[in-house]
Amino acid sequence: MSLPRVSIVLVNWNNVSDSIECLESLRQCTYPNYEVTVVDNGSDGNDVGILNKNFGDYIRLIENKRNLGFAKGCNIGIKDALDRGADYVALLNNDTIVTPGFLDEIVRAVRSEEKVGIAGGKILCSEFPDTIWFAGGGIDYRTGKTPIVGSGEVDRGQYDRRADVDWICSCYMFISSDLLKTVGMFDERFFFGWEDADLCVRAVRNGYRVIFIPNSKIWHKGWGRDKKRRLRGKPLYYATRGYFIFMDKHFSRLQIIRSWFYFIIKSPRFIWDYARITEQWKAPIYIVWAISDYLKMKSIKSVRR
């Protein structure tokens, strides 16, 4: 029996050094039937030239003229993969490092289970290799929170069982072409963040399973010295705006009211903690800006109806 064709897609934006490390680890991949597509999302420097020089014979490179956002950047790579006959698409953040057998494990697991549309593996912290970054995600429809299983815990095998979960992180998301053709790709309104949870909810509501595969492991950067820098500024804006778009799409009216109440009550503490951790005191500005833009989007949607 021939092995399914897997198209690995990663988006690069002004971060070619991390992309190089990710691609070097992918070169050690033991799964025999895969290809790698890099979508450059309008990087300012010579990222495209560097990637071509170092990996021109290994990757398929798609160049966007400007930053279209993570969701749309992924969609461009996904569409290209589907057009080329991929059976599965594996999304990876470009600041990840994979184990050689990560694809072997997830393909084997997905093919042994029924009706799997989305899967993901165990994501560990690159800076602290034995610390869990992601082992599955949940959705709390009372608060709108999407808690991550195991985040920050030392990996002692406590999450080494396959499990159906509410969502899988797009940092490492393995998606069947059948699901993508049936349910669709990422909702590009999210731009950055929440696109993964949204796709997973849509998948489950269309009869697919979303599962966590612990034997497929990668490492993700972001818990080291750069964490403060990465959290500053617009990531908070996109996270807040995405929070409300997500609720608007998937929550009942009562659930939305409860979540808004939770958000209002918890915001002061969240803003204080966020500002203290990132050493940036503009958090309220980004939150107000995000809510304002969400309400504008909602208003435009209502008018179009």
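The preceding data block contains the structure.
Every chain begins its residue count from 1, and numbering advances along the sequence as written. Given that the model is predicted, a residue must reach a pLDDT of at least 70 before its local features are reported, and side-chain atom pairs must reach 80 or more before they are shown or counted; all residues, however, enter totals for whole chains, interfaces and linings. Where side-chain values are given, they derive from all heavy atoms of the structure, hydrogens and water being excluded.

Trainee: Please give an account of the pattern of salt bridges that cites residues and values.
Mentor: Any carboxyl oxygen of Asp or Glu within 4 Å of a side-chain nitrogen of Lys or Arg constitutes a salt bridge here. The final tally for this structure, using the stated rule, is 20 salt bridges. Between Glu 35 and Arg 5 there is a salt bridge, with its nearest N and O atoms 3.5 Å apart. Linking Glu 35 in strand β2 (residues 34–41) with Arg 5 in the segment before β1 (6–12), this pair joins segments that are 30 residues apart in sequence. One salt bridge connects Asp 140 with Arg 142, and the closest N-O pair in it is separated by 3.1 Å. Using a relative accessible area of 18% as the deciding quantity, one classes Asp 140 as buried. Throughout, exposure labels follow a simple rule: accessible area from a 1.4 Å probe, protein chains only, divided by the maximum for the residue type, with under 20% read as buried, over 50% as exposed, and the rest as partly exposed. Owing to a relative accessible area of 56%, Arg 142 belongs among the exposed residues under this scheme. The network of salt bridges with shared partners includes Asp 187, Arg 189, Asp 198, Arg 202 and Lys 249. The numbering of helices and of strands both runs from the N terminus, where a helix is a DSSP run of H or I of at least 4 residues and a strand a run of E of at least 2.

Trainee: I'd love a proper account of unusual backbone geometry, names of residues and values included.
Mentor: Unlike most non-glycine residues, Asn 14 shows phi in positive territory, near 55°. Position of Asn 14 relative to the elements: it lies in the loop between β1 and α1 (16–26). The exposure class of Asn 14 is partly exposed, given its relative accessible area of 34%. Here Trp 194, not a glycine, exhibits a phi torsion of approximately 80°, which is positive. Along the chain, Trp 194 falls in the loop between α5 (177–183) and α6 (195–205). Classification of Trp 194 as buried rests on a relative accessible area of 14%.

Trainee: Before we move on, could you go through helix α2 (residues 47–55) and cite the residues and values that matter?
Mentor: Every buried residue of α2 is accounted for by Asp 47, Val 48, Leu 51 and Phe 55. Across the axial projection of α2, the buried residues extend over an arc of 100°, all falling on one side. Whether two residues are in contact is decided by their heavy atoms, any of which lying within 4.5 Å being enough. Along its buried surface, α2 packs onto β1, α1, β2 and β3 (59–64). Summarising the geometry, the arc corresponds to the directions from the helix axis toward the C-beta atoms.

Trainee: Help me get a handle on the pairing of β3, residues and values and all.
Mentor: Between any two strands, at least two bridges found by DSSP are needed for them to pair. Examined bridge by bridge, β2 and β3 share six bridges and lie parallel to one another. Bridging across to β3, Asn 41 finds its partner in Asn 64. Think of it like this: strands point away, you trace from the first strand over the helix to the second, and a clockwise trace means the crossover is right-handed. With respect to chirality, the unit in which β2 leads through α2 into the neighbouring parallel β3 is right-handed.

Trainee: Would you mind going over the packing of helix α8 (residues 234–250) against helix α9 (residues 253–278) in detail, with residue names and values included?
Mentor: To define axes, lines are fitted to C-alpha atoms, for helices over the stretch in contact only, and angles between the resulting N-to-C directions are given on a 0 to 180 degree scale. Relative orientation of the contacting elements α8 and α9 amounts to 165°, with a least axis distance of 11 Å. With respect to α9, the element α8 is oriented roughly antiparallel. Two packed elements cross with a definite hand, and for α8 against α9 that hand is right-handed. Between α8 and α9, the residues in contact are Leu 236, Thr 240, Tyr 243, Phe 244, Met 247, Asp 248 and His 250 and Gln 255, Ile 256, Ser 259, Trp 260, Phe 263, Phe 270 and Tyr 274, respectively. For the contact of α8 with α9, the per-class residue count stands at nine nonpolar, four polar and one charged. Under this scheme an angle from 65 to 115 degrees is roughly perpendicular, one under 35 degrees roughly parallel, and one over 145 degrees roughly antiparallel; angles in between are oblique. By definition, any crossing whose near helix is turned counterclockwise from its far helix by less than a right angle is left-handed, and any crossing with a clockwise turn is right-handed. Note on residue classes: Ala, Val, Leu, Ile, Met, Phe, Trp, Tyr, Cys and Pro are nonpolar, Asp, Glu, Lys and Arg are charged, and everything else, Gly too, is polar.

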